[in-house]
Amino acid sequence: MNINKVFELMKHESNRLNLPVIHKSDLDTDNNDLKRYFDAGITQFLWIIREGGTLLFPVGHGINPLHAEFWHNAGHPITPYIVSLEVGSLTPITIKKMIEIANKTPSGDVMEVIKRGCELNFWGVWHSPKFEDYPKTEWREYFQQTGNKLMVKMISDKL
């Protein structure tokens, strides 16, 4: 299992960059999330480290790209990486590549993507809705209201 190897690489980068300055416990959250996501079959992520914390972002699952782009767009320095649990790697990437990866449209059945996002708490800032909370016809509006243009586009293209 490459989770421990990847987490050691993340800690090394954190120490090398002396980041994050605040919210250092984000690293512990990242470690727990790596395990949780791996158990759900997710093995590729963006990892963003900045003065105020870190972000572990599963790639290609319809998560609002704004979560990855926000700090950069707000003018804060960030250092992005691509994480692969399959390979056991942590690779620095450019901001441009980070934005491209964050905006990767999910593949598969739209409703399955939405359901999985509910189960893994991808939707919403603090609390993800339950899949049963919205009928099929109202998910597009939910994503419009939450600003997730990626999922609005997927729903518009596929439903």
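Please refer to the structure placed before this passage.
Keep in mind it's a predicted model, so treat the numbers as computed, not measured. (Residues numbered from 1 in each chain as written. Predicted model: local features only at pLDDT ≥ 70, side-chain atom pairs only at ≥ 80, totals over all residues. Heavy atoms only, no water.)

### Looking at the overall build of the chain
Looking only at helices and strands, the chain has seven helices and four strands in total. Starting at the N terminus, the α and β elements of the chain follow one another as α-α-β-β-α-β-β-α-α-α-α. A compact globule built from 159 residues would reach a C-alpha radius of gyration of about 15 Å, and the chain, at 16 Å, matches this within 12%. With respect to the principal axes defined by its C-alpha atoms, the chain has extents near 50 × 35 × 25 Å. Considering only contacts within the chain whose residues lie at least 6 apart along the sequence, 61% involve residues at least 24 apart. As displayed, the chain has an accessible area near 8900 Å², and 51% of this comes from carbon and sulfur atoms. Averaged over its 18 positive side-chain charges, the chain has a centre that lies 4 Å from the centre of its 19 negative ones. (Helix = DSSP H or I, 4+ residues; strand = E, 2+ residues; numbered from the N terminus. Rg over C-alpha atoms; globule rule 2.2 N^0.38 Å. Contact = heavy atoms within 4.5 Å. Areas by Shrake-Rupley, 256 points an atom, 1.4 Å probe, with all protein chains shown as cover. Lys, Arg positive; Asp, Glu negative; His and termini not counted. Charge placed at Lys NZ, Arg CZ, Asp CG, Glu CD.)

### Re the nonpolar core
In terms of nonpolar packing, the biggest core is built from 44 residues, with Leu34, Leu46, Trp47, Ile114, Trp123, Trp139 and Phe143 touching the most fellow members. With near-sequence residues (within four places) excluded, leucine 34 lies in contact with Ile3, Val6, Phe7, Met10, Phe45, Leu56 and Leu85. (Core = buried A, V, L, I, M, F, W, Y, C linked by side-chain atoms within 4.5 Å. Buried < 20%, exposed > 50% of the residue type's maximum accessible area, 1.4 Å probe, protein only.)

### Side note on the sheet that holds strand β1 (residues 44-50)
Taken together, four strands build an open sheet; the order of strands is β2-β1-β3-β4 and the sheet is antiparallel. Whereas interior strands pair on both sides, the edge strands pair on one side only; in this sheet they are β2 (53-58) and β4 (89-92). Neighbouring strand axes in the sheet, compared pairwise and without regard to direction, differ in orientation by 25° on average. Both strand β3 (residues 78-84) and β4 contribute to a ladder of four bridges, which runs antiparallel. Residue pairing in the sheet places isoleucine 82 in a bridge with threonine 91 of β4. Along the sheet face, helix α1 (residues 3-17) touches β1, β2, β3 and β4 and points at about 165° away from the line of β3. (Pairing = 2+ DSSP bridges. Axes fitted to C-alpha atoms, helices over the stretch in contact; angles between N-to-C directions.)

### Here we look at the environment of glutamine 144
Take glutamine 144: it is sitting in helix α6 (residues 139-146). Taking relative accessible area as the criterion, glutamine 144 reaches 44% and is therefore assigned partly exposed. C-alpha separation for the pair glutamine 144 and phenylalanine 57, spaced 87 residues apart in sequence, amounts to 20 Å.

### Quick word on the packing of aromatic side chains
The relative placement of two aromatic rings is captured by the distance of their centres and the angle of their planes. Scanning the entire structure with this criterion turns up 12 aromatic pairs. Centre to centre, the rings of tyrosine 134 and tyrosine 142 are 5.1 Å apart; their planes meet at 50°, and the pair counts as tilted. Clustering of aromatic rings is evident, with ring pairs tying together Tyr37, Phe45, Phe122, Trp123, Phe131, Tyr134, Trp139, Tyr142 and Phe143. (Phe/Tyr/Trp six-rings, centres within 6.5 Å; stacked < 30°, edge-to-face > 60°.)

### Topic: the packing of helix α5 (residues 110-119) against helix α7 (residues 149-158)
Packed helices, taken two at a time, are described by the angle between their axes plus the distance between the axes. Contact geometry of α5 with α7 gives a least axis separation of 10 Å together with a crossing angle of 150°. Relative to α7, the element α5 is oriented roughly antiparallel. The residues of α7 that touch α5, namely those facing Val110, Val113 and Ile114, are Met151, Met154, Ile155 and Lys158. Of the residues that constitute the contact of α5 with α7, the class distribution is six nonpolar, no polar and one charged. (Parallel < 35°, antiparallel > 145°, perpendicular 65-115°, else oblique. Nonpolar A, V, L, I, M, F, W, Y, C, P; charged D, E, K, R; others polar.)

### Let's talk about unusual backbone geometry
For the bond running from leucine 19 to proline 20, omega is -10°, close enough to zero to count as cis. Secondary-structure assignment places proline 20 in the loop between α1 and α2 (26-39). Positive phi, normally seen in glycine, also occurs at histidine 23, with a value near 60°. Structurally, the position occupied by histidine 23 is in the loop between α1 and α2. Note on histidine 23: relative accessible area 49%, which makes it partly exposed. Its identity is not glycine, yet asparagine 121 carries a phi of approximately 65°, on the positive side. With respect to the helices, strands and loops of the structure, asparagine 121 is situated in the loop between α5 and α6.

Taken by themselves, the reported measurements are silent on function.
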